[in-house]
Amino acid sequence: MSTSPVIKLASGEQIPIELHKVRMVQKLHLKPVEERLEAVKAAGYNSFLMSTRDIFLDMLTDSGTNAMSDLQVSSMLQADDAYAGSQSFDRVKQAVKDVFGKEYFLPVHQGRAAEHVIFQAFVSPGHVVPMNYHFTTTKAHIELPGGKIDEIFTEEGLKVKSTFPFKGNIDIQKLRNLIETHGADKIPFVRMEASTNLIGGQPFSVENMRQVRAVCQQHNIMLLLDASLIGENAYFVKQREAEFKDSSIGEILHTLCGLADLIYFSSRKVSSTRGGGICTNDVRLFDQLKDLVILYEGFLTYGGMSVREIEAMAVGLRETQDETVIGQSPAFIKYLVETLDAQGVPVVTPPGGLGCHVDAGGFLPHVPQTEYPAGALVAAYYIASGVRGMERGTISSVRDEAGNDLLADVELMRLAMPRRVFTLSQVKYAADRLLWLYKNRELVGGLRFEYEPKVLRFFLGRLVPTSDWPERLAAKFRADFGDSL
Ligand SMILES: *Cc1c(COP(=O)(O)O)cnc(C)c1O
């Protein structure tokens, strides 16, 4: 018997089910399509520049937007305010030990701070870091001290349509070749990212991590685990890896974490709070990092976090062992992906642990990549629904020296599913409006930059449509839906 938050109806249909009740709410705003058109225009067709005042369902990200439990919120009342030796720290340290099986714990203010500290300590010019896939902040923080990343995902990793259960796996042969080419002394560590964020929240298997560990051991290379999305990865291991079908999530977490020498995480994801941390059983690694934590983050018993966050983090980490909690996002994502897939909307499969990723290239084949189909789809979908997604395509890329766009491998619109935030009727609405948009996709045109920042242009860039397509799309919506929102 599984405790996955999915139930079978009498009809045989399976639906995700909210195994929690709503006890505090926030009012949402579903504005008429004409106002949505104005809002997206005012934001330069960039969803990062929108206000939640104009947004119905915020599917931009899961970072810091998961819902906290009653136990997390109430734990904040017992926060022990102390610069050094806070009992709140003792509680989170014990939670890290119980959940990840690691003795030594360093708190930091968020995930990228852990990356900053670890990469400052271990990465030097000329170093190469093999990994299943990068995360934006990871790549930047490895390049800062002069290192390079090398992504050694398997052939299935970047395929939009796939039935491969573990698209986050590392290709072991590529890993061996890389060590052969560069020499083990140029590789400070191998990094494995749980539920690989940028390729769709796709997990790796325990079997794959065991193989990576064996190669690392053979060459005396450290294995680093980015555990920001470890809960979802453990959930998929239970669902998809036969050896673990009867294991508890707690046991799977211990197995995964036991294979890593050093672990870091963003608490904005894993424990639905703020903050982050680094943990290990190797006191020498701890000693190499602790001075940098004091230098950049704060004293070793708070690391830049408020004690309230530390308390909520301790409870949130323990809740990561509960399949009904960590299964919430994957179960709703699966429902959304399968609903869209069944209607022919191009989405990334199999469903991952972070959100539903819509293939904008397949959705809008008439929009050339230089006119940013993923950005156009995010804007069009907002007009059609009031739902905010995130562009993960060429706008999120950069230009080459000649000034041409470096076209992204895939053009994706990400619809993130923060944990325990949306209900099934909201997810049904999101699917319905995307289906409507798919039927009217010919109406959607491209975008071009009006203001383009030099770095990380996707955050602050402003764009304009290449024609009056947004007006025509809004008019079609009004004609089809009458006076409905
Ligand atoms: C979000 C994230 C980070 C960075 O964490 P922040 O708390 O946003 O700084 C690092 N790695 C992965 C896999 C993430 O998803």
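The preceding data block contains the structure.
What you are looking at is a predicted structure, and each value in this text was computed from that prediction instead of being measured. (Residues numbered from 1 in each chain as written. Predicted model: local features only at pLDDT ≥ 70, side-chain atom pairs only at ≥ 80, totals over all residues. Heavy atoms only, no water.)

## Brief notes about the overall build of the chain
This is how the line gets drawn: Strands are runs of DSSP state E lasting at least two residues, helices are runs of H or I lasting at least four, and both sets are numbered from the N terminus onward. Between the two quantities, the radius of gyration covers C-alpha atoms and the globule rule is 2.2 Å times the number of residues to the power 0.38. A simple rule labels every residue: compare its accessible area, found with a 1.4 Å probe on the protein chains alone, to the largest value its type can have, and call it buried under 20%, exposed over 50%, or partly exposed in between. The criterion used for residue contact is that any of the two residues' heavy atoms lie within 4.5 Å. Each accessible area is a Shrake-Rupley result for a 1.4 Å probe, and residues are judged covered by the shown protein chains and nothing else. In this tally, Lys and Arg are treated as positive and Asp and Glu as negative; His is ignored, and so are the chain termini. Taken as the charge centre is NZ of Lys, CZ of Arg, CG of Asp or CD of Glu, depending on the residue.
Across its full length, the chain holds 19 helices and 14 strands. For 485 residues, the compact-globule estimate of 2.2 N^0.38 gives 23 Å, and the C-alpha radius of gyration of the chain, at 22 Å, lies within 12% of that figure. Seen through its C-alpha atoms, the chain measures out along the principal axes to roughly 65 × 55 × 45 Å. A buried classification covers 58% of the 485 residues belonging to the chain. For the chain, contacts bridging at least 24 residues in sequence account for 72% of all contacts bridging at least 6. Of the roughly 19,900 Å² of accessible surface on the chain, a fraction of 52% belongs to carbon and sulfur atoms. Once the 52 positive and 59 negative side-chain charges of the chain are each reduced to a mean point, those two points are 3 Å apart.

## Re empty space enclosed by the protein
Threshold: Grid spacing is 1 Å over the protein atoms alone, the probe is 1.4 Å, and a cavity is where that probe fits but cannot get out, while a pocket is an open set with protein on both sides within 12 Å along at least five of seven lines and lining residues have an atom within 4 Å of a point. Grid points are joined across faces, edges and corners, and a volume is the space filled by probe spheres set on the points. In the scheme used here, Gly and all other residues not listed as nonpolar or charged are polar, with Ala, Val, Leu, Ile, Met, Phe, Trp, Tyr, Cys and Pro taken as nonpolar and Asp, Glu, Lys and Arg as charged.
Here the structure, examined in full by the defined rule, presents 6 cavities of 30 Å³ or more. Put simply, the largest cavity is a space of about 110 Å³. Residue lining of the largest cavity: 14 residues in total, with Tyr 45, Asn 46, Ser 47, Glu 391 and Ile 395 positioned closest to the centre. Looking at the lining of the largest cavity, the elements that each hand over two or more residues are α16 (373-385), β11 (390-392) and α18 (457-460). Looking at the second largest cavity, its volume works out to about 80 Å³. Around the second largest cavity, the lining residues are Gly 157, Leu 158, Lys 159, Val 160, Lys 167, Leu 198, Ile 199, Gly 200, Val 348, His 357, Val 410 and Leu 412. The class makeup of the residues in the lining of the second largest cavity is 7 nonpolar, 3 polar and 2 charged.

## Quick look at the pattern of salt bridges
Let me state the cut-off plainly: Put simply, a salt bridge is a Lys or Arg side-chain nitrogen that is within 4 Å of an Asp or Glu carboxyl oxygen.
Under the counting rule described, the total for this entry stands at 29 salt bridges. In this structure, the salt-bridge partner of Arg 420 is Glu 319, at a minimum N-O distance of 3.6 Å. Of the two residues, Arg 420 sits in the loop between β12 (412-416) and α17 (424-439) while Glu 319 sits in helix α12 (residues 307-319), which places them 101 residues apart along the sequence. Neither residue differs from the other here; Arg 420 and Glu 319 are each classed as buried. Between Glu 452 and Arg 457 there is a salt bridge, with the nearest N and O atoms lying 2.8 Å from each other. Among the residues examined, Arg 457 registers a relative accessible area of 3% and is labelled buried. Because the salt bridges share partners, they merge into one network encompassing Arg 399, Asp 405, Glu 452 and Arg 457.

## Notes on the packing of aromatic side chains
Rules: Ring pairs are drawn from Phe, Tyr and Trp, using the six-membered ring of Trp, whenever the two centres fall within 6.5 Å, and their geometry is named by plane angle: stacked under 30 degrees, edge-to-face over 60, tilted for the rest.
Enumeration over the complete set of coordinates arrives at 19 aromatic pairs. Between the aromatic rings of Tyr 83 and Tyr 302, the centroid separation amounts to 5.1 Å while the plane-to-plane angle is 65°, which identifies the pairing as edge-to-face. Of the two residues, Tyr 83 is situated in the loop between α2 (70-75) and α3 (87-100) and Tyr 302 in the loop between α11 (283-296) and α12; the sequence distance between them amounts to 219 residues. According to the relative accessible area criterion, Tyr 302 is buried, its value standing at 18%.

## Section: the nonpolar core
In summary, soluble globular proteins display a tendency toward joint burial of nonpolar side chains. For clarity, the threshold we go by: To form a nonpolar core, buried Ala, Val, Leu, Ile, Met, Phe, Trp, Tyr and Cys residues must be joined to one another through side-chain atoms within 4.5 Å.
By size, the foremost hydrophobic cluster in this structure holds 62 residues, and its most contacted members are Leu 340, Val 358, Phe 363, Leu 434 and Leu 437. Look past the residues within four positions of Leu 434 in its chain and what remains in contact with it is Leu 340, Val 345, Val 358, Phe 363, Tyr 381, Met 413 and Leu 415. Membership of the second largest hydrophobic core comes to 51 residues, among which are Phe 100, Ile 152, Ile 179 and Ile 230.

## Let's talk about a nonpolar patch on the surface
In plain terms, the rule: For patches, a residue must show more than 30% relative accessible area and have no salt bridge; joins then use 9 Å for like charges and 5 Å for nonpolar side chains, namely Val, Leu, Ile, Met, Phe, Trp and Tyr.
Taken together, the side chains of Tyr 451, Val 455, Leu 456, Phe 459 and Leu 460 make up a nonpolar region of the molecular surface, amounting to roughly 520 Å² of accessible area. Locating Leu 456 in the fold gives a position in the loop between β13 (447-451) and α18.

## Comments concerning the environment of Leu 463
Residue position: Leu 463 is located in strand β14 (residues 462-465). Residues contacting Leu 463, with those up to four places away along its chain left out, are Gly 44, Tyr 45, Tyr 372, Ile 395, Leu 447, Arg 448, Phe 449 and Glu 450.

## Regarding the site of the ligand
As a reminder, the rule being used: Think of it this way: one heavy atom of a residue within 4 Å of a molecule or strand is enough to make that residue near it. As used in this structure description, the phrase polar contact means that two N or O atoms lie within 3.5 Å; if the pair is within protein, one of them must be able to donate a hydrogen and the other to accept it, and residues adjacent in sequence are counted only when both atoms belong to side chains.
Around the ligand, the surrounding shell holds 13 residues, and the nearest of these are Arg 112, Asn 197, Asp 226, Ser 266 and Lys 269. A distance of 2.9 Å is found between an oxygen atom of the ligand and a backbone nitrogen or oxygen belonging to Gly 111. The separation between a nitrogen atom of the ligand and a polar side-chain atom of Asp 226 is 2.7 Å. Calculation on the ligand without its partners gives an accessible area of 380 Å², and the protein chains cover 98% of this total. Within the residue set of the shell around the ligand, elements represented by two or more residues are α4 (111-122) and α10 (267-270). Per element, the largest residue contribution to the shell around the ligand is 3 residues, and it comes from α4.

## Here we look at α11
Rules: Expected span, for any helix, means 1.5 Å times one less than how many residues it has. Bend at a given residue is defined as the angle between two axes, one fitted to the seven residues that end at that position and one fitted to the seven that begin there.
Between its first and last C-alpha, α11 extends 20 Å over 14 residues, near the 20 Å set by a 1.5 Å rise per residue. Leu 289 marks where α11 bends most, by close to 30°. Contact partners of the buried residues in α11: β3 (104-108), α4, β7 (222-226), β8 (262-266) and β9 (276-280).

## Some remarks on the environment of Leu 485
In this structure, Leu 485 sits in the segment after α19 (469-481). Distance in space between the C-alpha atoms of Leu 485 and Thr 273 is 33 Å, their sequence separation being 212 residues. Apart from residues lying up to four places away in sequence, Leu 485 is in contact with Leu 30, Lys 31, Pro 32, Arg 36, Arg 433 and Phe 477.

## Looking at helix α8 (residues 230-240)
In terms of residue burial, α8 counts as a mostly covered element, since 9 of its 11 residues are buried. All of the buried residues along α8 are Ile 230, Gly 231, Glu 232, Asn 233, Ala 234, Tyr 235, Phe 236, Val 237 and Lys 238.

## So, the sheet that holds strand β10 (residues 355-359)
In a beta sheet, neighbouring strands are held together by backbone hydrogen bonds and run either parallel or antiparallel to one another. Rules: Two strands qualify as a pair provided DSSP detects at least 2 bridges between them. Helix axes are fitted only over the stretch in contact, all axes being lines through C-alpha atoms; the angle between N-to-C directions runs from 0 to 180 degrees.
Across the sheet, 3 strands lie side by side as β10-β12-β11; this open sheet has antiparallel pairing. Both edges of this open sheet fall to β10 and β11, since each of them pairs with a single strand only. Shown here is a sheet whose adjacent strand axes are inclined to one another by a mean of 30°, direction ignored. One ladder, built from 5 bridges, connects β10 with β12; its direction is antiparallel. Residue pairing for β12: Asp 359 is matched across the bridge by Leu 412.

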